[in-house]
Amino acid sequence: MTGPAEAGPTRILSLDQCADQYVLALRPDADLALSPRADDPDSWLREAAKGRARVRPTLEAAVAFQPDVVVRYWGGEPRLLNRLEDRGTATVVIADATDFDGIRANIRAVAQALDAEMRGEALIARMNARLAQAAPTAPEHPTALYLTPGGFTAGKETLIDAIFRAAGYRNAADKPYFNPVSVERIALFPPVRFVLGFFDQSRADWRGPGRHPVVREAARGKVAAKLPAATLTCPAWFAADAAAMLRDGAA
């Protein structure tokens, strides 16, 4: 994202990979200290992270960096979080959003903390445009089962379900939240379609149920889309890209 420079904190510490995405998009002009996973293959902005400083999310590293603002989703050890609270360091937490309204709220919350409201609104506009591209044009809504290499699916009250709905899909998962799916169930009651997530990570659960030969055979010719891990690791604007990919797979 590009845009006019915005005043605000100049030293920003990111405590995990999800926070990395937000600070890279909203304040690329600041002095950033990113997490060690900032340029991993499942990082959406891994190219933008190259050449940036990396800091382990520990108390010692944070004290040495002396951030103006700290951004986190799940990262940071208890000692560090307690010290930040005691010192009154500005900290913004990315919520575990389960829909796109929640993502909009996340973007605005982080953007406000970083004095980057204009960039935040630009990110939201980009997400909205991708959602418009993902919107279905046909009246029928195909049904599919989301599956990870570890053998998990995602039902209602998850961002995966919101991605399904944005692309015009019905979710075949019959329970809310994240739940395991056994190889036996897939063998006995094979889904009409599969949507695979995280299968682009060759080492992810390489012996997990989702990679079992029986599951692989059940999914043969029935995969509607393979969503890359980088679109799924964080409740952020690029979830709309996952929806657009799913829509393109249906087309």
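Described in the following lines is the structure provided in the data block.

Rules used in this analysis
Residues numbered from 1 in each chain as written. Predicted model: local features only at pLDDT ≥ 70, side-chain atom pairs only at ≥ 80, totals over all residues. Heavy atoms only, no water. Helix = DSSP H or I, 4+ residues; strand = E, 2+ residues; numbered from the N terminus. Rg over C-alpha atoms; globule rule 2.2 N^0.38 Å. Buried < 20%, exposed > 50% of the residue type's maximum accessible area, 1.4 Å probe, protein only. Contact = heavy atoms within 4.5 Å. Areas by Shrake-Rupley, 256 points an atom, 1.4 Å probe, with all protein chains shown as cover. Lys, Arg positive; Asp, Glu negative; His and termini not counted. Charge placed at Lys NZ, Arg CZ, Asp CG, Glu CD. Axes fitted to C-alpha atoms, helices over the stretch in contact; angles between N-to-C directions. Parallel < 35°, antiparallel > 145°, perpendicular 65-115°, else oblique. Left-handed = near helix turned anticlockwise from the far one by under 90°. Nonpolar A, V, L, I, M, F, W, Y, C, P; charged D, E, K, R; others polar. Core = buried A, V, L, I, M, F, W, Y, C linked by side-chain atoms within 4.5 Å. Phe/Tyr/Trp six-rings, centres within 6.5 Å; stacked < 30°, edge-to-face > 60°. Lys NZ or Arg CZ within 6 Å of the ring centre and 35° of its normal. Salt bridge = Lys/Arg side-chain N within 4 Å of Asp/Glu carboxyl O.

What follows deals with the overall build of the chain. A count of helices and strands for the chain gives 10 helices and 11 strands. In summary, the chain has a C-alpha radius of gyration of 19 Å against a globular reference of 18 Å for 251 residues, a match within 12%. When the backbone C-alpha atoms are referred to their principal axes, the chain occupies close to 55 × 40 × 30 Å. Buried residues in the chain amount to 48% of all 251 residues. Long-range pairs, those at least 24 residues apart, make up 64% of the contacts in the chain between residues at least 6 apart in sequence. As presented, the chain carries roughly 12300 Å² of accessible surface, and 53% of it is formed by carbon and sulfur atoms. Each charge sign in the chain was given a centre, from 31 positive and 30 negative side chains, and these centres are 6 Å apart.

One can describe the packing of helix α5 (residues 100-113) onto helix α6 (residues 117-134) by two numbers: an axis separation of 8 Å at closest approach and a directional angle of 160°. Between α5 and α6, the interaxial angle falls into the category roughly antiparallel. α6 is crossed by α5, and the crossing has right-handed handedness. Note on element contacts: α6 touches α5 through Glu-117, Gly-120, Glu-121, Leu-123, Ile-124, Met-127, Asn-128 and Leu-131, opposite Phe-100, Ile-103, Arg-104, Ile-107, Arg-108, Ala-111 and Gln-112. When grouped by side-chain class, the residues that make up the contact of α5 with α6 number eight nonpolar, three polar and four charged.

What follows is about the nonpolar core. One finds Tyr-22, Val-71, Phe-100, Leu-114, Ile-163 and Trp-237 to be the most contacted residues of the largest nonpolar core, which totals 56 residues. The biggest single contributor to this core is helix α1 (residues 17-26), with seven residues. Leu-13, Val-55, Ala-62 and Leu-84 belong to the second-largest nonpolar core, a separate cluster that totals 11 residues.

This part takes up unusual backbone geometry. At Asp-115, a position not held by glycine, the phi torsion is positive, near 55°. Here Asp-115 shows up in the loop between α5 and α6.

Among the secondary structure elements, Asp-241 is positioned in helix α10 (residues 239-250). Classification of Asp-241 as buried rests on a relative accessible area of 4%.

A full pass over the atoms with the stated rule returns four aromatic pairs. When the ring of Trp-44 is compared with that of Phe-238, the centres are 5.1 Å apart and the planes differ by 20°; the resulting orientation is stacked. A residue pair is termed long-range when its members are at least 10 positions apart, and Trp-44 in the loop between β2 (31-34) and α2 (46-49) and Phe-238 in the loop between β11 (223-227) and α10 qualify at 194 residues. In this structure, Arg-11 is placed above the aromatic ring of Phe-65, and the distance from its NZ or CZ to the ring centre is 4.2 Å.

All chains considered together, the criterion is met by 16 salt bridges. Between Asp-29 and Arg-27 there is a salt bridge, and its shortest N-O distance comes to 3.0 Å. Among the residues examined, Asp-29 registers a relative accessible area of 40% and is labelled partly exposed. Salt bridges sharing partners connect three or more residues here, namely Arg-27, Asp-29 and Arg-119.

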